[in-house]
Amino acid sequence: MPGPAQAATPRTTPPHVSASAGGAAPGHGVEWFQARHGLPRTGTIDRATARALERASDVEVRQTFRTAADLGPEELANARTVIGVGKGAGIPEQGQVIALMTAMQESKFVNYLVPVDHDSLGIFQQRPSTGWGTPEQITDVPTSSKSFYGVAPFGSNPGLIQIDGWQTMPPGDVCQAVQVSAFPDRYAQWEQFARDLLAQESPTVPPIP
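Peer 1: Go over the layout of surface pockets with me, naming the residues and quoting the values.
Peer 2: By volume, the largest pocket amounts to about 910 Å³. Contributing to the lining of the largest pocket are 36 residues, with Glu106, Asp117, Gln125, Ser181 and Phe183 lying nearest its centre. Those elements that place two or more of their residues in the lining of the largest pocket are α2 (47-55), α3 (58-64), α5 (93-107) and α8 (171-179). Split by residue class, the lining of the largest pocket holds 18 nonpolar, eleven polar and seven charged.

Peer 1: Account for the pattern of salt bridges, naming residues and giving values.
Peer 2: Within this structure, the stated rule accounts for five salt bridges. A salt bridge links glutamate 201 to arginine 80; the nearest nitrogen and oxygen atoms lie 2.7 Å apart. Highlighted residues: glutamate 201 in helix α9 (residues 191-201) and arginine 80 in helix α4 (residues 73-88), separated in sequence by 121 residues. Residue class for glutamate 201 comes out buried when judged on its relative accessible area of 8%. Judged by its relative accessible area of 24%, arginine 80 falls in the partly exposed class. Between arginine 195 and glutamate 191 there is a salt bridge; the shortest N-O distance is 2.9 Å. Placement of both arginine 195 and glutamate 191 in helix α9 is noted, with a separation of four residues, approximately one turn of the helix. The class of glutamate 191 is partly exposed, set by a relative accessible area of 26%.

Peer 1: Break down the packing of aromatic side chains for me, citing the residues and quoting the values.
Peer 2: The full count for this structure, using the stated rule, is three aromatic pairs. Plain terms: the ring middles of phenylalanine 124 and phenylalanine 148 are 4.8 Å apart, the flat faces sit at 5° to each other, and that makes the pair stacked. With phenylalanine 124 in the loop between α5 and α6 (135-138) and phenylalanine 148 in helix α7 (residues 141-149), the pair connects residues that are 24 residues apart, well separated along the chain. Here the aromatic rings of tryptophan 190 and phenylalanine 193 are separated by 5.7 Å at their centres, their planes lie at 85°, and the arrangement is edge-to-face. Exposure class is identical for tryptophan 190 and phenylalanine 193. Each is buried. Among the aromatic residues, ring-to-ring pairing joins Phe124, Phe148 and Tyr149 into one connected group. Sitting over the ring of phenylalanine 183, arginine 186 keeps its end group 4.3 Å from the ring centre.

Calculation rules
Per chain, the residues get numbers from 1 upward, laid out in the order the sequence is written. With pLDDT at 70 or above as the cut-off, local features in this predicted model cover only qualifying residues; side-chain atom pairs require 80 or more to be listed or tallied, and sums for whole chains, interfaces and linings still use all residues. Only hydrogens and water are set aside; all other atoms, that is, all heavy atoms of the structure, feed into the side-chain values. Put plainly, a pocket is an open set of points on a 1 Å grid over the protein atoms alone with protein on both sides within 12 Å along at least five of seven lines, a cavity is a set where a 1.4 Å probe fits but cannot get out, and a lining residue has an atom within 4 Å of a point. Grid points are joined across faces, edges and corners, and a volume is the space filled by probe spheres set on the points. A run of DSSP states H or I qualifies as a helix once it reaches four residues; a run of E qualifies as a strand once it reaches two. Both are numbered from the N-terminal end. Classification convention: Asp, Glu, Lys, Arg as charged; Ala, Val, Leu, Ile, Met, Phe, Trp, Tyr, Cys, Pro as nonpolar; all other residues, Gly among them, as polar. By definition, a salt bridge exists where a carboxyl oxygen of Asp or Glu is found within 4 Å of a side-chain nitrogen of Lys or Arg. Burial classes follow relative accessibility: with a 1.4 Å probe on protein chains only, a residue under 20% of its type's maximum area counts as buried, one over 50% as exposed, and anything between as partly exposed. Each Phe, Tyr or Trp ring (for Trp, its six-membered ring) is paired with any other whose centre lies within 6.5 Å, and the angle between the two planes then decides the class: stacked below 30 degrees, edge-to-face above 60, tilted in between. Consider the ring centre and the ring normal. A charge sits over the ring if Lys NZ or Arg CZ is within 6 Å of that centre and within 35 degrees of that normal.

See below:
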C-alpha cells in the first residue's frame, strides 16, 4: 500500500507534468499522473503508482496513456514480447491487437509478480486458481502471452484461437471471451492505442517461438 504523503521542498512542476485535468504531453503521462496524486515523479510505474492507477477512473487512465511513448521501458519491452510471441505463433495482426488491448487494460503491461486482485498475476492478470498455469508460468511474459493466444501446451482455459469466430467479433468482445472479466466493457477503450502500438513496434520485433 502507498505510504502517507510526506512533506517535500516545494518545487515548480514542469509544464509537461502539470497536474491539470487536460492530460500530459505524449511521453510524459506517468509523470503527469504521479504529479496529480502526490507521488514521486519518477516517470516509471512503481508499486505506489500501480496501486493508484488501479483506483483511477477510465478517463484519467486514458489521459495518462495517450500513446505508446507513455509506456516505460519495461512495459514497452513486455508489449514487444506480446507482439513477438504472436508473430512466432502465426497469430494475425488483429489477434495481436486484441492481446495488446487486453494487457493494456489488465496491467498497463506491468508484470505483476505479487497478486493485485485475488491471485491474479502477470501482464494479463491470469489466475493460477482458474487454470492459467503456475505463478512462475504466468509471470513469465512469453509464456503468459502464449497462454492468452491459446498456444501454450498447458492450462485449462480457452485462449484467443479457441474462441470460435474471434476474427469477426468486436475486439473488446474477444478480450472478454478470453478473460471473463467483471468489467467487460473496458477493453474496447484501448483498441486504437493497441493498433498504434502495434504499427509502431511490430516492424522491429522478431518472432518469438
